[in-house]
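Okay, here's what each chain looks like letter by letter:
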Amino acid sequence: PLYGIAVASKHSFGESMQAAAETRLKLDDRPRILAVAAGSPAEKAGLLPGDEILRVGAVAVEPGEEAHRAVVERLREGGMGRTRLELGGKHPRTVTMRPVPACDYRVALLPRGNVNAYTNGRTITVTKGMMWFARDDGDLALVLSHEVAHNILGHTNPLAVAFVEKKRREADADYLGLYIMARAGYRIDQAPAFWRRVAAAFPQLIDESDSHPVMPYRFVALRKAGDEIRRRRAAGLPLDPERIESLGISHAVE
């Protein structure tokens, strides 16, 4: 169940960052709404950044180190039914929301300078270096879509690791990821340009890689996938991948 809110207290951050969280984000021991996603159930219910969460349903939320986690768990336990929140802060009030279904993948930012992103099947991790490298939300959407594709295809499953060659898994994630990106409403024509920038920054990847397809192959494959998506759009067809059955792990996880 997705409500479209980020909940945090100062304890959501490591000890070295808590003073900054108090000063810059105005956080303390109490769980507050840090951000609200556009078009989400939370936005439609009128939730605002800074709202303090006092009660989820009939259960009061006590301030403390685990308060923000308690809010998230209680929201998850509520399933797809309506949930009532009692809010404090500048505008005390009670609101009711019904969540929408969403993929159960979390996204984490890793404070490392290398340009990388990866997934373990549940959490997609993006490095600070990748955030610097991505020029806009479209670049970041391309990276995240690729990792979501790995999750959907079961590429963290031991069977995939054992039976599907690594470069094949990466090529399939490129293909399916572009469809995911398109279905999310992002422009897909910038995908080849992003990987060209990667190639320019890391020229060793142009001709050889132990784990990923070489860059010229990725450019061509992404262009073909983009042409396929554009043909389906022009014909009024749903954006369903045409070769989903041939993707690497589809047979191995069954």
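Participant: How should I be thinking about the overall build of the protein in this particular structure?
Facilitator: Across its full length, the protein holds 10 helices and 9 strands. In the protein, which comprises 254 residues, the proportion classed as buried is 41%. Residue pairs at least 24 apart in sequence account for 56% of intrachain contacts in the protein once pairs closer than 6 positions are excluded. By element, 54% of the accessible surface of the protein is carried by carbon and sulfur atoms, the whole surface being about 14100 Å².

Participant: I keep staring at the environment of A141 and nothing clicks. Help me out?
Facilitator: Counting through the fold element by element, A141 comes out in helix 5 (residues 137–152). Since its relative accessible area comes to 8%, A141 is described here as buried. Between the C-alpha atoms of A141 and M181, which are 40 residues apart in sequence, the distance is 6.5 Å. Residues contacting A141, with those up to four places away along its chain left out, are M181 and Y186.

Participant: Please explain helix 3 (residues 67–77) as it appears in this structure.
Facilitator: Residues spaced three or four apart along an α-helix face the same direction, because each turn holds 3.6 residues. Of the positions making up helix 3, those classed as buried are A67, H68, V71 and L75. Seen from one end, helix 3 has its buried residues packed into an arc of 110 degrees, which puts them on one side. In this fold, the buried residues of helix 3 make contact with strand 1 (5–8), strand 3 (52–56) and strand 5 (83–88). Backbone geometry just downstream of helix 3 places G79 in the positive-phi region, at approximately 60 degrees.

Participant: Help me out: how do you make sense of the environment of L87 in this one?
Facilitator: Position of L87 among the secondary structure elements: in strand 5. C-alpha of L87 to C-alpha of R32: the two residues are 55 residues apart in sequence and 9.0 Å apart in space. Discounting chain neighbours no more than four positions away, the residues touching L87 are L47, D51, E52, I53, L54, P92, R93 and V95.

Participant: Honestly, the sheet that holds strand 9 (residues 123–127) in this entry has me stumped. Any pointers?
Facilitator: Strand pairing in a sheet takes place through backbone hydrogen bonds and is either antiparallel or parallel in direction. Here we have 3 strands laid out as an open sheet, ordered 7-9-8, and mixed in their pairing. The open sheet has two free edges, formed respectively by strand 7 (106–110) and strand 8 (117–119), since each of these has just one partner strand. When strand polarity is set aside, the average angle formed by the axes of neighbouring strands in this sheet is 20 degrees. With 5 bridges connecting them, strand 7 and strand 9 associate as parallel partners.

Participant: Whenever I open this one, the packing of aromatic side chains confuses me. Can you help?
Facilitator: We describe a pair of aromatic rings using the distance from one ring centre to the other and the angle between the two ring planes. One pass over the full model with this rule turns up 3 aromatic pairs. Here the aromatic rings of F133 and F194 are separated by 5.8 Å at their centres, their planes lie at 80 degrees, and the arrangement is edge-to-face. Residue F133 is located in helix 4 (residues 128–133), and its partner F194 is located in helix 8 (residues 191–201); the two are separated by 61 residues in the primary sequence. Taken individually, F133 and F194 each receive the classification buried, so the pair is uniform in this respect. Plain terms: the ring middles of F194 and W195 are 5.1 Å apart, the flat faces sit at 80 degrees to each other, and that makes the pair edge-to-face. In terms of burial, F194 and W195 fall into one category: buried. Grouping aromatic residues by their ring pairs yields a cluster made of F133, F194 and W195. Cation over ring: R197 sits above F133, and NZ or CZ is 4.6 Å from the ring centre. Across the ring face of W195, the terminal group of R218 is positioned such that the distance to the ring centre comes to 4.0 Å.

Participant: Could you clarify how one ought to interpret helix 10 (residues 215–234) in this entry?
Facilitator: Its 20 residues place the ends of helix 10 28 Å apart at the C-alpha level, agreeing with the 28 Å of an ideal helix rising 1.5 Å per residue. The set of residues buried in helix 10 consists of M215, R218, F219, L222, A225, G226, E228, I229 and R232. Phi turns positive, to about 75 degrees, at G236, one or two residues after helix 10.

Participant: Sorry, what's going on with the confidence of the model for the protein here?
Facilitator: Interpretation of this model should avoid reading the predicted coordinates in detail wherever pLDDT is low. Per-residue pLDDT for the protein has a mean of 87; in total, 90% of the residues score no lower than 70. Note on residues 250–254: pLDDT is under 50 here. Beyond four places in sequence and across chains, it has 6 contacts.

Participant: Honestly, the pattern of salt bridges in this entry has me stumped. Any pointers?
Facilitator: For side chains of opposite charge, pairing can occur when their charged atoms come near one another. By the definition in use, this model includes 18 salt bridges. Between R122 and D104 there is a salt bridge; the shortest N-O distance is 2.9 Å. Taken together, the residues span a long stretch of sequence, with R122 in the loop between strand 8 and strand 9 and D104 in the loop between strand 6 (93–97) and strand 7 at a distance of 18 residues. Classification of D104 as partly exposed rests on a relative accessible area of 35%.

Participant: How do you make sense of the packing of helix 7 (residues 166–183) against helix 10 when you look at a structure like this?
Facilitator: The description of two helices packed together rests on the angle between their axes and the distance between the axes. Where helix 7 contacts helix 10, the axes come no closer than 10 Å and their chain directions differ by 35 degrees. Crossing hand, helix 7 versus helix 10: right-handed. Between helix 7 and helix 10, the contacting residues are A171, D174, Y175, L178, Y179 and A182 on the first element and Y217, R218, L222, A225, G226, E228, I229, R232 and R233 on the second. A breakdown of the residues in the contact of helix 7 with helix 10 according to their chemical character gives 9 nonpolar, 1 polar and 5 charged.

About the criteria used
- Residues numbered from 1 in each chain as written.
- Predicted model: local features only at pLDDT ≥ 70, side-chain atom pairs only at ≥ 80, totals over all residues.
- Heavy atoms only, no water.
- Helix = DSSP H or I, 4+ residues; strand = E, 2+ residues; numbered from the N terminus.
- Buried < 20%, exposed > 50% of the residue type's maximum accessible area, 1.4 Å probe, protein only.
- Contact = heavy atoms within 4.5 Å.
- Areas by Shrake-Rupley, 256 points an atom, 1.4 Å probe, with all protein chains shown as cover.
- Arc of directions from axis to C-beta.
- Pairing = 2+ DSSP bridges.
- Axes fitted to C-alpha atoms, helices over the stretch in contact; angles between N-to-C directions.
- Phe/Tyr/Trp six-rings, centres within 6.5 Å; stacked < 30°, edge-to-face > 60°.
- Lys NZ or Arg CZ within 6 Å of the ring centre and 35° of its normal.
- Expected span 1.5 Å × (residues − 1).
- pLDDT = per-residue confidence, 0-100.
- Salt bridge = Lys/Arg side-chain N within 4 Å of Asp/Glu carboxyl O.
- Left-handed = near helix turned anticlockwise from the far one by under 90°.
- Nonpolar A, V, L, I, M, F, W, Y, C, P; charged D, E, K, R; others polar.

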